[in-house]
Amino acid sequence: MQMGFGLYQQQTLKLVMTPELRQAITILQYSAVDLLDFLRQQATENPILDLSEKTTREMASVDSTLQKETNKQNDIDWKDYIRANATGDETYYQRGSTSAQDYDPFNFISAGGTTLEEHLLEQVSMLKNVTPLEKRILNFLIGNLNENGYLTITETEAADILNTDTEKIEEMIWLLQALDPVGVGARSLAECLLLQLRDEPEEHTLAIAIVEYHLEDLAEKRYQKIATSLNATPQEVQQAADYLRTLNPRPGAEFAQGTPRYIVPDVTVEKVENEYVVMVNEGSMPNLTINRFYQQMLQKNEADSAQRYIQDKLNSALWLIRSIEQRRMTLYKVTQAIVEEQQSFFEKGTAGLKPMTLRDIAEKVDLHESTISRATSNKYVQTPRGLFELKYFFTTGLNRADGGEASSVVTIKEKIKAMVDAEDKKKPLSDQKITDLLIKEGIEISRRTVAKYREEMNIDSSSKRKRF
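Residues numbered from 1 in each chain as written. Predicted model: local features only at pLDDT ≥ 70, side-chain atom pairs only at ≥ 80, totals over all residues. Heavy atoms only, no water.

Caption draft 1: Looking closely at the overall build of the chain. Helices and strands together make up the secondary structure of the chain, namely 22 helices and 8 strands. Burial status across the chain gives 40% buried among its 468 residues. For the chain, long-range pairs separated by at least 24 residues make up 65% of all intrachain contacts whose partners lie at least 6 apart in sequence. (Helix = DSSP H or I, 4+ residues; strand = E, 2+ residues; numbered from the N terminus. Buried < 20%, exposed > 50% of the residue type's maximum accessible area, 1.4 Å probe, protein only. Contact = heavy atoms within 4.5 Å.)

This is the structure we're talking about:
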């Protein structure tokens, strides 16, 4: 074999990951809320882009509109787009759902309420016979409560910082624990529960003893062990445990000021004359237009740096618009395929959910699995049966012994939950018994798989579900 150096010409095909392609891939993964934030950011960075809120317009027939847009999804005339904006024709590239035309998710963000610190400081201000030093200590302790209402500093640390004795700090902690809500100022879960138990007019001797000496056993539901130790019956221990579950282990949580996350559905599925119609929700999306001032500058045909800058920004804006259109059509096609595959779910509910993988949808819409994964990531669909994440419809399945259609994991979990809900609580079903019942229904499943699904649903084992 002869080897040597040389220069040769060779033609090869390879995919180059351009910035525009990366942007299109990123946009495909955005949810409706994330896309809105992204568009606002792009409008800030690109002076060519203008964002304007949609006006109220009646949509034409959903089927005909989607069909026309499907036919032209890869044949958008960008010159017509620019020309339409130059003449003020706002009907070009204005889409939205009339059902969501007045909906703005940001109108539902909580304005906030009273914090735990404000609630406690107000009570301190109304206390009588409290010296300025004691108020100062109380204010300091309140400032060292976490969001659950627990004290995060020791008596010794507080005494060193405030230059006072630990006895005075302990006295003020007791006063703090007498404020509302009951249980605030506790230094541990046990102390929090004891404060609430001792605030009740009825004495709960057994419950107090359980918290003081058997809190860990209570968490593991070792009722027999607790009963033996405290000279009580398992039934009495279980009743005390039921009462303890009514107490609040996080008394300060109700004042937490977390920002709520509202789910805005990206797609809506509605039943119209026995057919399910898919609509991509863009009612909250603004219109993207090209700034007319920069359009006029482009018409001057001046070959300078400013002209090149504007042209680059125009190309970037047009690619952004095309990427958003591509995202919309991809999301529509994927959701439409899911609805067709999961027709029985929309008719029967969870019991009709079929096993389905990303490959099934990828082959149906002629796209790569990674594209399907991106298109369904962090996306929600509003259906006649409720709001679901698109990923919810992708589930593995287990074969049936009778050779029938495989059952999805979601359906099997629902069966397990139904069995547990209907069981005799004095003789709860073991994992093996549940396995035998499912096998009788024709579902091939092992005891280990049943235990796995039960744990995923946070259902206790049979020994912990037993009622005495």
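Caption draft 2: Structural view of the sheet that holds strand β5 (residues 380-383). One open sheet accounts for 4 strands, arranged β3-β2-β5-β6; its pairing is mixed. Each edge of the open sheet carries a strand with a single partner, namely β3 (275-280) and β6 (386-389). When the angles between neighbouring strand axes are averaged without regard to direction, this sheet yields 25°. Relative to β3, strand β2 (residues 267-272) is paired through 6 bridges, and the arrangement is antiparallel. Bridge pairing links Val267 to Val280 in β3. (Pairing = 2+ DSSP bridges. Axes fitted to C-alpha atoms, helices over the stretch in contact; angles between N-to-C directions.)

Caption draft 3: Seen up close, the packing of aromatic side chains. In total, this model carries 11 aromatic pairs according to the counting rule given. The interplanar angle of 45° and the centroid separation of 5.2 Å between the aromatic rings of Tyr30 and Phe38 together place this pair among those described as tilted. On the basis of an interplanar angle of 80° and a centroid distance of 5.4 Å, the ring pair of Phe345 and Phe346 is categorised as edge-to-face. Clustering of aromatic rings is evident, with ring pairs tying together Tyr276, Phe345, Phe346, Phe388, Tyr392 and Phe393. (Phe/Tyr/Trp six-rings, centres within 6.5 Å; stacked < 30°, edge-to-face > 60°.)

Caption draft 4: Layout of unusual backbone geometry. Cis geometry marks the peptide bond from Asp180 to Pro181; its omega dihedral reads 5°. On the secondary structure map, Pro181 appears in the loop between α8 (166-177) and α9 (189-199). Positioned with a positive phi, Asn163 is a non-glycine residue whose angle comes to about 55°. Its place among the elements puts Asn163 in the loop between α7 (155-162) and α8. Unlike most non-glycine residues, Asp366 shows phi in positive territory, near 60°. One can find Asp366 in the loop between α17 (358-365) and α18 (369-376).

Caption draft 5: Local environment of the environment of Asp360. Looking at the element boundaries, Asp360 is found in helix α17. Its relative accessible area of 33% is what places Asp360 among the partly exposed residues. Taking the C-alpha atoms as reference points, Asp360 and Ala337, 23 residues apart in sequence, are found 9.3 Å from one another. Here Thr357 takes part through its backbone nitrogen, which lies 3.0 Å from a polar atom of the side chain of Asp360. (Polar contact = N/O pair within 3.5 Å; in protein donor to acceptor, adjacent residues only side chain to side chain.)

Caption draft 6: Region of interest: the pairing of β3. Where burial is concerned, most of β3 is hidden: 5 out of the 6 residues are buried. Counted along the chain from β2 to the antiparallel partner β3, the turn is 2 residues long, and its residue Glu273 has a positive phi close to 50°.

Caption draft 7: Looking closely at empty space enclosed by the protein. Under the defined criterion, the tally for this structure stands at 2 cavities of 30 Å³ or more. Within this model, the second largest cavity holds a volume of roughly 50 Å³. Ala32, Leu35, Asp266, Val280, Asn281, Glu282, Met285 and Arg327 together form the lining of the second largest cavity. Broken down by class, the residue content of the lining of the second largest cavity amounts to 4 nonpolar, 1 polar and 3 charged. (1 Å grid on protein atoms, 1.4 Å probe; cavity = no way out; pocket = protein on both sides within 12 Å on 5 of 7 lines; lining within 4 Å. Points joined across faces, edges and corners; volume = space filled by probe spheres on them. Nonpolar A, V, L, I, M, F, W, Y, C, P; charged D, E, K, R; others polar.)

Caption draft 8: Fine view of the confidence of the model for the chain. Taken residue by residue, the chain gives an average pLDDT of 81. The fraction at 70 or more is 82%. Every residue in residues 56-103 scores below 50 in pLDDT, and together they form 75 contacts with partners more than four places removed in sequence or on other chains. Note on residues 105-111: pLDDT is under 50 here. Beyond four places in sequence and across chains, it has 10 contacts. (pLDDT = per-residue confidence, 0-100.)

Caption draft 9: Quick peek at the side chain of Thr435. Mapped onto the secondary structure, Thr435 falls in helix α20 (residues 431-440). Residue class for Thr435 comes out buried when judged on its relative accessible area of 2%. Engagement of the side chain of Thr435 in a polar contact is seen with the backbone oxygen of Asp431, the distance being 2.7 Å. Those residues in contact with Thr435 that lie beyond four places of it in its chain are Ile445, Ser446, Arg447 and Val450.

Caption draft 10: Structural context of the nonpolar core. Counting residues in hydrophobic clusters, the biggest one holds 28 residues, and the most contacted among them are Val269, Ile338, Phe346, Ile361, Ile372, Val381 and Phe393. Elements with a contribution of two residues or more to this core: β2, β3, α15 (305-341), α16 (343-348), α17 and α18. Residue contributions to this core peak at 7 residues, all from α15. Filtering out sequence-adjacent residues up to four positions away, Ile338 remains in contact with Met356, Ile361, Thr376, Leu390, Phe393 and Phe394. Membership of the second largest hydrophobic core comes to 21 residues, among which are Ile153, Leu162, Ile169 and Leu176. (Core = buried A, V, L, I, M, F, W, Y, C linked by side-chain atoms within 4.5 Å.)

Caption draft 11: Fine view of the packing of helix α19 (residues 409-422) against helix α21 (residues 447-456). At a minimum axis distance of 10 Å, the contact between α19 and α21 shows a crossing angle of 80°. In this view, α19 runs roughly perpendicular relative to α21, as classed from their interaxial angle. Contact with α19, carried on its side by Val409, Ile412, Lys413 and Ile416, involves Val450, Tyr453 and Glu456 of α21 and no other residues of that element. For the contact of α19 with α21, the per-class residue count stands at 5 nonpolar, no polar and 2 charged. (Parallel < 35°, antiparallel > 145°, perpendicular 65-115°, else oblique.)

Caption draft 12: Examining the pattern of salt bridges more closely. Per the counting criterion, the structure on display carries 24 salt bridges. For the salt bridge of Glu347 with Lys271, the shortest nitrogen-to-oxygen distance reads 3.7 Å. Within this pair, whereas Glu347 is found in helix α16, its partner Lys271 is found in strand β2, the two being separated by 76 residues in sequence. Of the residues examined, Glu347 reaches a relative accessible area of 39% and is grouped as partly exposed. The partner of Glu325 in a salt bridge is Arg328, with the nearest N and O atoms 3.2 Å apart. (Salt bridge = Lys/Arg side-chain N within 4 Å of Asp/Glu carboxyl O.)

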